[in-house]
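Results of the structural survey
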Amino acid sequence: MHMRVALIHYWLVGMRGGEKVIEALCRMFPDADIFTHVYNPKAVSETIRRHQVFETGIAKLPFARSRYQAYLPLMPGALERLDLSDYDLVISSEAGPAKGVIVPPDTVHICYCHSPMRYLWDQQHIYREGAGFAPRLAMDLFGSSLRQWDVTSAARVDRFVANSNHVAKRIEKYWRRDSAVVHPPVAVDDFSPVSEKERGDFYLMAGELRSYKRPDLAIEAFNQLGKPLVVIGGADGWGERLKQRAKANVIFLGKVTFEVLKDHMRRCKALVFPGEEDFGIIPVEVQASGRPVIAYKRGGALDTVLDGETGLLFEDQSVDGLIEAIQSFEVAGMERLEPKLIALHAQKFSEKNFIAGVGQNLKAAGLDLSLENSLLG
């Protein structure tokens, strides 16, 4: 009998790492239905749009399309009201409220966790510092009750799959649950190295200018070093204010096309990655482009960067610590690390390996997937 599958995602309003996971799951289960709090079809891929998407009651609230995060305290109740009685398998994609659905006793619920909600747990102070008055007030008023619900709803999940060893530790710490690790899919085949003569002399920082990513450390470090740094990615209000502190050697390109981003990834001297990420897709993409990464020695970088082989990991998350790391990188001549070997390492984070890992965990949960999808092997 054909297995009925439901995919639960917190919100579908763009194509970032979490949505790339949903996209891969859509390819695994082409008949799956999707449930989410808010859905913008124009902002997601054709692969996702081919599926039937159901929104929770959050979507009916005023300005939900643009201010959905303001309704975070209402999302637990919206999830619990979803009727999932027709499904044999539910896969929730958790980084915002998604795992809290209630399923029938015979339905298997697997949670692929990008992270327990960072703004509720270990990074709440970082988020609070970069937030405006209204978000800070909401965190103060509802943070405690949301944490209680977060822990309670974790008990409803049959099996957790974490996107990195760092996230697996968070799951154990805050939810007291074990988890398997399956790295998220990265389109590594979209990237390739260039010859040495085609490379530039600039460092790269890519991604949105958000406080928890610590772009402030990179900008101040390069202010002091005077070396060229190219910054790619959008910015919130805090990020826009940060730009004003940069000197002329720090160039901001803002949001760019994928081709422009790829070009800078393969030509940079190295990616500078000073924040603590749950996994971190950009370091993998840069390595797939044959370039090394200078990353803070915590979080997902411990899974993705081989210290001394595909980049350099530094322990002191400060301006001085980053300056020392860049200087050590140059003294060791690490910009000359073999691009083909770096790119080969990145292949372990392919979608093929993600699908195989998810398939193994579904089988471990007692599901017979042999007739479901040839992608599972």
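To start, this report covers the structure provided alongside it.

Each value, and the rule that gives it
- Residues numbered from 1 in each chain as written.
- Predicted model: local features only at pLDDT ≥ 70, side-chain atom pairs only at ≥ 80, totals over all residues.
- Heavy atoms only, no water.
- Helix = DSSP H or I, 4+ residues; strand = E, 2+ residues; numbered from the N terminus.
- Rg over C-alpha atoms; globule rule 2.2 N^0.38 Å.
- Buried < 20%, exposed > 50% of the residue type's maximum accessible area, 1.4 Å probe, protein only.
- Contact = heavy atoms within 4.5 Å.
- Areas by Shrake-Rupley, 256 points an atom, 1.4 Å probe, with all protein chains shown as cover.
- Core = buried A, V, L, I, M, F, W, Y, C linked by side-chain atoms within 4.5 Å.
- Phe/Tyr/Trp six-rings, centres within 6.5 Å; stacked < 30°, edge-to-face > 60°.
- Salt bridge = Lys/Arg side-chain N within 4 Å of Asp/Glu carboxyl O.
- Pairing = 2+ DSSP bridges.
- Axes fitted to C-alpha atoms, helices over the stretch in contact; angles between N-to-C directions.

Some remarks on the overall build of the chain
Along its length, the chain carries 15 helices and 13 strands. The C-alpha radius of gyration computed for the chain amounts to 21 Å, which stays within 12% of the reference 21 Å derived for 377 residues, consistent with globular compactness. Out of the 377 residues belonging to the chain, those deemed buried represent 55%. Of all intrachain contacts in the chain linking residues separated by at least 6 positions in sequence, the fraction that spans at least 24 positions is 61%. On the chain, roughly 17000 Å² of surface is accessible, and the fraction owed to carbon and sulfur atoms is 50%.

Side note on the nonpolar core
In this structure, Leu7, Leu25, Phe29, Ile34, Leu89 and Phe354 are the most contacted members of the largest nonpolar core, which totals 29 residues. When residues of this core are traced back to their parent elements, those giving at least two are strand E1 (5–9), helix H1 (17–28), strand E4 (89–94), strand E5 (108–113) and helix H15 (351–364). The element best represented in this core is H1, accounting for six residues. Counting 28 residues, the second largest nonpolar core, distinct from the first, contains Leu217, Leu242, Val319 and Ile342.

Quick notes on the packing of aromatic side chains
For the structure on display, the rule yields 11 aromatic pairs. Summarising the aromatic geometry, the rings of Phe279 and Phe349 are spaced 5.8 Å apart at their centres and angled 65° between planes, so their arrangement reads as edge-to-face. Of this pair, Phe279 sits in the loop between strand E11 (270–273) and helix H11 (281–288) while Phe349 sits in the loop between helix H14 (339–346) and H15; the two residues are 70 residues apart in sequence, bridging distant segments of the chain. Pair check on accessibility: Phe279 and Phe349 agree, each one buried. An aromatic cluster of three or more residues is present, and its members are Tyr10, Trp11 and Tyr68.

Section: the pattern of salt bridges
Under the definition given, this model contains 25 salt bridges. Between Asp150 and Lys99 there is a salt bridge whose closest N-O contact spans 2.5 Å. Pair noted here: Asp150 is in helix H6 (residues 133–154) and Lys99 is in the loop between E4 and E5, with a separation of 51 residues, a long-range link. With respect to class, Asp150 is no different from Lys99; both count as buried. Salt-bridge contacts for Glu240 lead to Lys243; the nearest nitrogen and oxygen are separated by 3.4 Å. Taken together, the residues Glu240 and Lys243, both in helix H9 (residues 237–243) and three residues apart, mark about one turn of the helix. Judged by its relative accessible area of 39%, Glu240 falls in the partly exposed class. A single salt-bridge network, built from bridges that share partners, covers Lys20, Glu23, Arg27 and Glu351.

Here we look at the pairing of strand E10 (residues 250–254)
Here four bridges tie strand E9 (residues 229–232) to E10, and the two strands are oriented parallel to one another. Pairing of Val231 across the sheet is with Phe252, part of E10.

Section: the sheet that holds strand E6 (residues 159–162)
Judged by pairing direction, the sheet is parallel, and its seven strands sit side by side in the order E3-E2-E1-E4-E5-E6-E7 without closing on themselves. With one partner strand each, in any of the chains shown, strand E3 (53–55) and strand E7 (180–181) form the two edges of the open sheet. Here E1 runs beside strand E2 (residues 33–36); their pairing, made up of four bridges, is parallel. Counterpart to Ile8 in the pairing with E2 is Phe35. Most of the contacts of H1 go to E1, to which it runs at about 175°, and overall it touches E1, E2, E4 and E5. Contacts between H15 and the sheet are confined to E4, E5, E6 and E7, with E6 contributing the most and set at about 165° to the helix.

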